[in-house]
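Residues per chain are reported as follows:
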There are 2 protein chains.
Amino acid sequence: MSSRRDLSFINGVPELLILRLLSRREMYGYELVSAIRVATGDVISVGEGCVYPILHTMEKNRLLGCRRVQKDGRGRLYYRLTEKGRKRLNQTSSHWQRISQAINSVLGDNDAAIART
Amino acid sequence: MSSRRDLSFINGVPELLILRLLSRREMYGYELVSAIRVATGDVISVGEGCVYPILHTMEKNRLLGCRRVQKDGRGRLYYRLTEKGRKRLNQTSSHWQRISQAINSVLGDNDAAIART
DNA sequence: TTGCATTACCTCAACCCTTGAGGTATACAC
DNA sequence: GTGTATACCTCAAGGGTTGAGGTAATGCAA
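Presented here is a report on the structure given in the accompanying data block. Quick caveat, the model's predicted, so the values are computed rather than measured.

With that out of the way, let us pick up the sheet that holds strand β2 (residues 64-71) of chain A. Residues and elements named next belong to chain A. The sheet built from three strands is open, its strands ordered β1-β3-β2 with antiparallel pairing. If you trace the sheet from one side to the other, it starts and ends with β1 (27-28) and β2, each paired once. Sheet strands touched by helix α3 (residues 48-60): β2 and β3 (74-81). Its angle to β2, the strand with the most contacts, is close to 125 degrees.

Right, here's the structure in full:
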């Protein structure tokens, strides 16, 4: 009825977090899903249905490299950042900072900003 | 071909900003569109096609009240926060803080890799 | 007075991301 | 042997934003 459910604010965030986590060490998809939960103290949790497509697209765009590692008879696909991916992380990271700081300035501003209009 | 365009990070943000701006003083839709641009120093800009539906839904949900004011022969629809809307602002605001702090903690978690080329 | 920009309201399809459910297959414990 | 965990994958549905479009009144310039 209300449309507009609780706002999640996480649009685009999974990709940023994945870039950041992979900048530390290579990881595989299933690992990333729980790593995101752990790294954010359970604040952010994304499903596999979100993570895998991001990995595939990023690899297609040469932001990530991938290698298969055999483990207990099963294959894991380890992803790592390419140089291009590292650049993307910097860009996306600054973009996030610009946006979030802008939002915080509006939230924290108790009377200015509008007065200057 | 790449799907996934540049991440905007603004999903849900318009609603938060509108709540915050209306908590300072009543405003009309067209005014909010430029107020968001000004308040964020041109970092965030949302279209009317985004703002108006949000206002309508929020009013339907009793988060906003509305009154028509005649100005130069044209009618303006001024929106203001209800008590319920003020509560929603607090909730949404804390939610934003939780999320953004979680993201920043992951981004800032040191291991190098961020600032350096 | 015709034309254009601005104000001010509105709607809608297309786009894109995430959710959540579903599917496959192996390994290990009970 | 049945369940749980690992590990990969896909897809429809849901929902928010974009960008284009529409209406109408005002005011200003050519």
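There is more to say, and it comes next.
Surveying the vicinity of DNA strand D reveals 32 residues, the closest of which are Arg4, Tyr28 and Tyr30 of chain A together with Gly49 and Gly73 of chain B. The set of elements that each furnish at least two residues to the surface near DNA strand D consists of α2 (29-39), α3 and β3 of chain A together with α1 (13-22) and α3 (48-60) of chain B. When its residues are assigned to classes, the surface near DNA strand D shows 12 nonpolar, 10 polar and 10 charged.

Next up on the list: the protein's contact with DNA strand C. In the vicinity of DNA strand C, 33 residues are found, and the nearest of them are Gly49 and Gly73 of chain A together with Arg4, Tyr30 and Gly49 of chain B. Looking at the surface near DNA strand C, the elements that each hand over two or more residues are α1 (13-22) and α3 of chain A together with α2 (29-39), α3 and β3 (74-81) of chain B. Its residues placed into classes, the surface near DNA strand C shows 12 nonpolar, 10 polar and 11 charged.

The subject of this paragraph is the packing of helix α4 (residues 83-108) of chain A against helix α4 (residues 83-108) of chain B. When two helices pack together, their arrangement is given by the angle between the helix axes and by the axis-to-axis distance. Two elements in contact, α4 of chain A and α4 of chain B, have axes separated by 12 Å at closest approach and are oriented at 150 degrees. One way to sum up the angle between α4 of chain A and α4 of chain B is to call them roughly antiparallel. Note that α4 of chain A runs across α4 of chain B; the crossing there is left-handed. On α4 of chain B, the residues touching Ser93, Trp96, Ser100, Ile103 and Leu107 of chain A of α4 of chain A are Ser93, Trp96, Ser100, Ile103 and Leu107 of chain B. In terms of residue class, the contact of α4 of chain A with α4 of chain B is built from six nonpolar, four polar and no charged.

It is worth spelling out unusual backbone geometry at this point. Residues other than glycine seldom take positive phi values, yet Arg62 of chain A does so here, at roughly 65 degrees. Along the chain, Arg62 of chain A turns up in the loop between α3 and β2. Backbone geometry places Asp42 of chain B, a non-glycine residue, at a positive phi of 65 degrees. If you trace the backbone, Asp42 of chain B turns up in the loop between α2 and α3.

The next subject is the pairing of β3 of chain B. Residues and elements named next belong to chain B. Where strand β1 (residues 27-28) and β3 come together, two bridges link them in antiparallel fashion. Across the sheet, residue Tyr28 finds its bridge partner in β3, namely Tyr78. Pairing of strand β2 (residues 64-71) with β3 involves eight bridges; the strand directions are antiparallel. Along β3, the bridge assignment pairs Gly65 with Arg80. As consecutive antiparallel partners, β2 and β3 are separated by two residues, and within that stretch Asp72 has a phi angle of approximately 55 degrees, a positive value.

Rules behind the numbers
- Residues numbered from 1 in each chain as written.
- Chains lettered and ligands numbered in written order.
- Predicted model: local features only at pLDDT ≥ 70, side-chain atom pairs only at ≥ 80, totals over all residues.
- Pairing = 2+ DSSP bridges.
- Helix = DSSP H or I, 4+ residues; strand = E, 2+ residues; numbered from the N terminus.
- Contact = placed C-beta atoms within 7 Å.
- Axes fitted to C-alpha atoms, helices over the stretch in contact; angles between N-to-C directions.
- Near = placed C-beta within 6 Å.
- Nonpolar A, V, L, I, M, F, W, Y, C, P; charged D, E, K, R; others polar.
- Parallel < 35°, antiparallel > 145°, perpendicular 65-115°, else oblique.
- Left-handed = near helix turned anticlockwise from the far one by under 90°.

Take it as geometry only, folks, not as evidence of what the structure does.
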